[in-house]
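Listed below are the residues making up each chain.
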Amino acid sequence: MPIFRAGAVLLAALCTSFLCLRAADPGTHAIRATGTIQATHSLTVRVPIMQGEGSQLTLIKLVQNGTRVHVGDLLAEFDNTSQNKAAREAAAKYDDLSHQVEQKRAEHASNVEKRLSELQAAQADLAKAKLDLRKGPVLGEIDQQKDVIKVADANEHVASLERSGKAHDTAEIAEIRVLELQRDRQAIAVRRQRSNAERLSLRAPINGMVALQNVWRNGSMGHAEEGDQLWGGGSLMQLFDPSAMQVAVAVGEPDGAVLKPGVRAEVHVDAFPDLVLPAHFDSASPVASSSIDNPIKSFHALFTLDRSDPHLMPDLSAAVEIQVKP
């Protein structure tokens, strides 16, 4: 029983505090909601993913948190020793395959000339055998039979050389094509390795401010530091435009009627109690929603700040006092 009484007293105290908060200053006609600061225009900078590689990358340079950067400024850089080595090896293999293609072409050209010479010699022998065959009337029967056999042999020899020449041409074309495909595939590997090396330098695509993200390092969460080994694809920092900020808040379903165009609000940043910024309603979800185990529904709304402040950073918690017209 004492436990239940203590719980009831605590619940009553909380309810009393909540009612006092809502009615502390009736003249303001304000509804208070909590949310987080976020940038209207922002993008996430991630650890580069290496094509064909799955190892971790070593961070060697990193811009300081809160730094203002311009397009093209260096944000982060990773060790590219292994990528440069792989690029050199790939380029050397590509050069070797290119030399093999040229060597095979020269070798095949020489073979073509040799086969052509043999074919021309066989055709000359055939022509001579046919010329000898025309002497048949002045030769004996045995010599005539010999000339007929020579013509037949010469014909077969020429036909054989023509068939083998076509077969050799087809085989040599295929051999060169295989080497060309290997060379072209290696050229892709060279471009991939060079692209990997270039991808290790992260530069700002827009003007803005840097907000470092927490990463898993040394068994805990924290900002990345130079010397850390990071997995590709992980979030490294957020780059945002500090001149346009907004607050994302959750407004209870009973108060959803106040979310309409023209509504004004005051934003109090929890980290800076003296900082109060004017804002106006921007947009809200069409229907109230809640998680599966929570019966209380709320509207997700955005309030745009009318002016910025150098203290503002994404993910800062803030309280929004929505001004309600009497």
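On a predicted model such as this, the values are computed, not experimentally measured, just so you know.

Engineer: Tell me what's going on with the overall build of the protein, and back it up with residues and numbers.
Structural biologist: Helix and strand counts for the protein stand at 3 helices and 16 strands. A burial count over the protein gives 32% of its 326 residues as buried. Of the contacts made within the protein by residues no fewer than 6 positions apart, 77% connect residues no fewer than 24 positions apart. If you sum the accessible surface of the protein, you get close to 20,400 Å²; carbon and sulfur atoms cover 56% of it.

Engineer: Give a detailed account of the sheet that holds strand β14 (residues 276-284), specifying residues and quantitative values.
Structural biologist: The sheet built from 6 strands closes into a barrel, its strands ordered β1-β12-β15-β14-β13-β16 with antiparallel pairing. Each adjacent strand pair in this sheet contributes to an overall mean axis angle of 40°, direction not counted. Pairing geometry for strand β13 (residues 264-269) and strand β16 (residues 317-323), over 5 bridges, is antiparallel. Looking at the pairing, V267 lines up with V320 of β16.

Engineer: Tell me about the nonpolar core, and please be specific about residues and values.
Structural biologist: Counting 31 residues, the largest nonpolar core has V249, L259, V267, F303, L305, V320 and I322 as its most contacted members. Mapped onto this core, the elements with two or more residues apiece are β1 (30-39), β7 (208-212), β12 (245-252), β13, β14, β15 (298-305) and β16. Among all residues touching L259, those that are not within four sequence positions of it are V251, F281, A284, F299, A301, F303 and I322.

Engineer: Report on the pairing of strand β8 (residues 214-217), specifying residues and quantitative values.
Structural biologist: The side-chain alternation of β8 yields one buried face, formed by V215 and R217, and one unburied face, formed by N214 and W216. What sits between the antiparallel neighbours β8 and strand β9 (residues 220-223) is a turn of 2 residues, in which N218 has the positive phi angle 55°.

Engineer: Would you mind going over the side chain of H268 in detail, with residue names and values included?
Structural biologist: Assignment of secondary structure puts H268 in strand β13. Judged by its relative accessible area of 19%, H268 is buried. When neighbours within four sequence positions are excluded, H268 is seen to be in contact with L275, V276, A318, A319 and E321.

Engineer: Describe the confidence of the model for the protein, listing the residues and the values that go with them.
Structural biologist: Fine structural detail should not be taken from predicted coordinates in areas where pLDDT scores are low. Summing up the model confidence of the protein, the mean pLDDT is 82 and the portion of residues at 70 or higher is 87%. Within the protein, helix α1 (residues 2-23) has the poorest average pLDDT of any element, 38, and strand β5 (residues 74-78) the best, 94. Scored below 50 in pLDDT, residues 1-25 makes 3 contacts in the model with residues more than four places away or belonging to other chains.

Engineer: Tell me what's going on with the sheet that holds strand β10 (residues 229-230), and back it up with residues and numbers.
Structural biologist: The strand order across the open sheet built from 4 strands is β6-β5-β3-β10, with neighbouring strands paired in antiparallel fashion. This sheet does not close on itself; its edge strands, each paired only once, are β6 (201-203) and β10. Looking at chain direction, strand β3 (residues 57-62) and β10 are connected through 2 bridges and run antiparallel. When the bridges of β10 are listed, T58 appears paired with Q229.

Engineer: Give a description of the packing of aromatic side chains that names residues and reports values.
Structural biologist: Here the distance between the centres and the angle between the planes together describe a pair of aromatic rings. A full pass over the atoms with the stated rule returns 1 aromatic pair. Here the aromatic rings of F281 and F303 are separated by 5.7 Å at their centres, their planes lie at 70°, and the arrangement is edge-to-face. With F281 in strand β14 and F303 in strand β15, the pair connects residues that are 22 residues apart, well separated along the chain. For the pair formed by F281 and F303, the shared burial category is buried.

Engineer: Any details on the environment of F78? Residues and values, ideally.
Structural biologist: Tracing the backbone shows F78 in strand β5. When near neighbours in sequence (up to four residues on either side) are disregarded, F78 contacts V47, P48, L57, T58, L59, I60, L200, L202, L230 and L236.

Engineer: Break down the pattern of salt bridges for me, with residues and values.
Structural biologist: Across all of its chains, the model carries 12 salt bridges by this definition. The salt bridge partner of R105 is E180, with a shortest N-O separation of 2.4 Å. Remark: E180 occurs in helix α3 (residues 141-199) and R105 occurs in helix α2 (residues 81-133); sequence separation between them is 75 residues. We note a salt bridge from E156 to R163, for which the minimum N-O separation is 3.3 Å. By relative accessible area, which is 45% here, E156 ends up partly exposed. Each of E102, R105, R177 and E180 takes part in one network of salt bridges that share partners.

Engineer: Outline the side chain of D228, supporting the account with residue identities and numerical values.
Structural biologist: Among the secondary structure elements, D228 is positioned in the loop between β9 and β10. Among the residues examined, D228 registers a relative accessible area of 11% and is labelled buried. A distance of 2.8 Å separates the side chain of D228 from the backbone nitrogen of E225, its partner in a polar contact. Residues in contact with D228, not counting those within four places in the same chain, are L57, T58, L59, R217 and H223.

Conventions adopted
- Residues numbered from 1 in each chain as written.
- Predicted model: local features only at pLDDT ≥ 70, side-chain atom pairs only at ≥ 80, totals over all residues.
- Heavy atoms only, no water.
- Helix = DSSP H or I, 4+ residues; strand = E, 2+ residues; numbered from the N terminus.
- Buried < 20%, exposed > 50% of the residue type's maximum accessible area, 1.4 Å probe, protein only.
- Contact = heavy atoms within 4.5 Å.
- Areas by Shrake-Rupley, 256 points an atom, 1.4 Å probe, with all protein chains shown as cover.
- Pairing = 2+ DSSP bridges.
- Axes fitted to C-alpha atoms, helices over the stretch in contact; angles between N-to-C directions.
- Core = buried A, V, L, I, M, F, W, Y, C linked by side-chain atoms within 4.5 Å.
- pLDDT = per-residue confidence, 0-100.
- Phe/Tyr/Trp six-rings, centres within 6.5 Å; stacked < 30°, edge-to-face > 60°.
- Salt bridge = Lys/Arg side-chain N within 4 Å of Asp/Glu carboxyl O.
- Polar contact = N/O pair within 3.5 Å; in protein donor to acceptor, adjacent residues only side chain to side chain.

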